[in-house]
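# Observations on the model geometry
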Amino acid sequence: MMFKARKLPQHLKPSGWLAMLPPRPEAPPLEGEVSADVTIIGGGFAGLAAARRLAQLDPALRIVLLEALAIGEGACGRNSGFIIDLPHEVSSESYGSDSATKARNEITMNRTAIALARGMAEEQGWGREIFDPCGKYAIAMGADGDRHLAEYARQLQGLGEAHKLLNAAGIQAVTGSPAFTSGLFTPGCIMIQPAAYVRAFADALRPTVKLHERTPALSFERQPSGWCITTPKGKVNSGKIILANNGHAESFGFFPGQLLHIFTFASLSAPLDPARLGGQRNWAATPAHPMGTSLRRVQGQEQEGDRILVRSRYTYQPDLEVSDATIASAGRLHDAKFKARFPMLQGLEMQYRWGGAMALTWNAVPAFGEIEPGLFAAIACNGVGATKATASGIAAAEQVLGHKSALTAIFEAMEKPKPLPPQPFTALGVKASLAWRHWRAGAE
Ligand SMILES: Cc1cc2nc3c(=O)[nH]c(=O)nc-3n(C[C@H](O)[C@H](O)[C@H](O)COP(=O)(O)OP(=O)(O)OC[C@H]3O[C@@H](n4cnc5c(N)ncnc54)[C@H](O)[C@@H]3O)c2cc1C
């Protein structure tokens, strides 16, 4: 039985996060034939977490990690950097009869992911420029958002989770902008410089984990004692495989008609003289409405100015690619959002713009578990991958080694992804739904 990649990840324009970092010596591409107990395909949040957890559980295990691009070039180095501990959904619709159990399971999952990341940060002595346990704000622009946040605060109260509601003046004292009508602070979110984080994470795994960058898995074939994975210049004979390549799992023929390939976009400003904007110099905010705009102010090191990140817009990209024109169009939206929030910063240009892929499922569950004997999936993290892909990587590693935990119990009890409607209904439905949700998000 052979699974062959029909498509490989593209070398996209780098994200601002990656462009701002100094060059790093990459791990060498695989050349020749090697053996492994477990091979992980994909060096994003899921793959890195799986490698770390495998090495923790069995230090003698031979682990190979294959990344098609360089670490940090994929979505894991392109995101806004929120590792969120609490359920993101503020809509009361998501709180059904078993809502408290569902929310607590999600919190357990998220905090398990954060504990793994924190353990690595402490062990490696990373500073706040990589891993910042500063919490986050949810921000509202208008009455709808205010209601969402008040309701969300009530839900958090019920769950016994720390939070603080801020009025317009309170959130202005944080952001320096009078545009927001209320805010809600939750302290457990970690903010990362995503490209710096995944690079440092990958480098810390070596040499225990044999990392090969610019080494796409082209195909893998079942053998009597495991799998043989073929790469452009080598082969890995591996007992087991963890597929951690997110939407590209479909390129190998897995989960056909079950993954929604959605892109989102970010712009990062040129350095800003901190004196031009009041408020705090380091904060991060998600929108009250899930389809709204995330914002982040990143304090510059030493004499460098601060930067502002704007993340907004979702598009459906079933071919897993995005054009420059789509990034430019998202950029125009970012400029309008930025102007509405920071009119006092007229003339501040966006220096970097980029997009990146996420894989969603119809019923918002991950594609997880043993999908062929010895082949495990940890993909489709439904947009909150910094946390959920990390959690699914940990759970996949535990499942591979037969290790039982609260996390594996949560993952094993989840529903399987539901099939999407046939094309063209999925494309039409998703586009209409995105348009409707963008409209509902209004100014947010
Ligand atoms: C602009 C933007 C902002 C975002 N903000 C946030 C946020 O703040 N918080 C959050 O939680 N999420 C955020 N996300 C989503 C998050 O980045 C993704 O959910 C997350 O990266 C998914 O992690 P992953 O490990 O599953 O997949 P990825 O990060 O996509 O990693 C998969 C890796 O597999 C590699 N690969 C694919 N095919 C192969 C192959 N054949 N062989 C070898 N390697 C292969 C890819 O190159 C890639 O590096 C954002 C995304 C974007 C684009």
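These numbers come from a predicted model, not from an experiment. (Residues numbered from 1 in each chain as written. Predicted model: local features only at pLDDT ≥ 70, side-chain atom pairs only at ≥ 80, totals over all residues. Heavy atoms only, no water.)

### Overview of the sheet that holds strand β14 (residues 260-269)
Formally: A pair of strands counts as paired when DSSP detects no fewer than two bridges linking them. Each helix corresponds to a stretch of at least 4 residues labelled H or I by DSSP, and each strand to a stretch of at least 2 residues labelled E; elements are numbered beginning at the N terminus. Interaxial angles span 0 to 180 degrees and are taken between N-to-C directions of axes, which are lines fitted to C-alpha atoms, for helices over the stretch in contact. What makes two residues a contact is simply this: any of their non-hydrogen atoms within 4.5 Å.
Pairing within the open sheet is mixed, and its eight strands lie in the order β7-β8-β6-β15-β16-β17-β14-β18. The open sheet has two free edges, formed respectively by β7 (164-167) and β18 (350-360), since each of these has just one partner strand. When the angles between neighbouring strand axes are averaged without regard to direction, this sheet yields 25°. For strand β15 (residues 283-287) and strand β16 (residues 294-298), the ladder comprises three bridges, and the chain directions are antiparallel. Bridging across to β16, W283 finds its partner in R297. Most of the contacts of helix α7 (residues 324-341) go to strand β17 (residues 307-316), to which it runs at about 130°, and overall it touches β14, β16, β17 and β18.

### Focus: the site of the ligand
Applied cut-off: What makes a residue near a molecule or strand is one non-hydrogen atom of that residue sitting within 4 Å of it. Counting of polar contacts relies on pairs of N or O atoms within 3.5 Å, with two restrictions inside protein: one atom must be capable of donating a hydrogen and the other of accepting it, and residues adjacent in sequence are counted only when both atoms are side-chain atoms.
Near the ligand lie 38 residues; those nearest to it are F45, E67, F82, A217 and A386. A68 has a polar backbone atom sitting 3.1 Å from a nitrogen atom of the ligand. At 3.5 Å from an oxygen atom of the ligand is found a side-chain nitrogen or oxygen belonging to N79. For the shell around the ligand, the secondary-structure elements that each account for two or more residues are α2 (45-57), β14, β18 and α8 (385-400). At four residues, α8 tops the list of elements feeding residues into the shell around the ligand.

### Observations concerning the packing of α2 against α8
The condition is simple: Orientation categories follow fixed angle ranges, with anything under 35 degrees roughly parallel, anything over 145 roughly antiparallel, 65 to 115 roughly perpendicular, and all other angles oblique. Left-handed is the label given to a crossing in which the near helix is rotated counterclockwise from the far helix by less than a right angle, and right-handed is the label when the rotation is clockwise. Three classes are used: nonpolar for Ala, Val, Leu, Ile, Met, Phe, Trp, Tyr, Cys and Pro, charged for Asp, Glu, Lys and Arg, and polar for all others, with Gly counted as polar.
At a closest axis distance of 7 Å, the pairing of α2 and α8 adopts a crossing angle of 40°. By the angle between their axes, α2 is oblique relative to α8. The chirality of how α2 crosses α8 is right-handed. Residues F45, A46, A49, A50, R53, L54 and L57 of α2 lie in contact with α8, whose contacting residues are G385, A386, A389, T390, S392, G393, I394, A397, E398 and V400. A per-class count over the contact of α2 with α8 returns eleven nonpolar, four polar and two charged.

### Structural notes on the sheet that holds strand β9 (residues 190-192)
Strand order across the open sheet formed by three strands is β4-β9-β5, with antiparallel pairing between neighbours. The open sheet has two free edges, formed respectively by β4 (82-83) and β5 (131-132), since each of these has just one partner strand.

### A word on the pairing of strand β19 (residues 367-372)
In this sheet, strand β20 (residues 375-379) lies alongside β19 in antiparallel orientation, the contact comprising five bridges. Its bridge partner being in β20, E372 is matched across the sheet by L375.

### Let's talk about the environment of G81
On the secondary structure map, G81 appears in the loop between β3 (63-66) and β4. The sequence separation of G81 and S267 amounts to 186 residues, and the corresponding C-alpha distance is 13 Å. Residues within four places of G81 in sequence aside, it is in contact with I190, M191, I192, P194 and R296.

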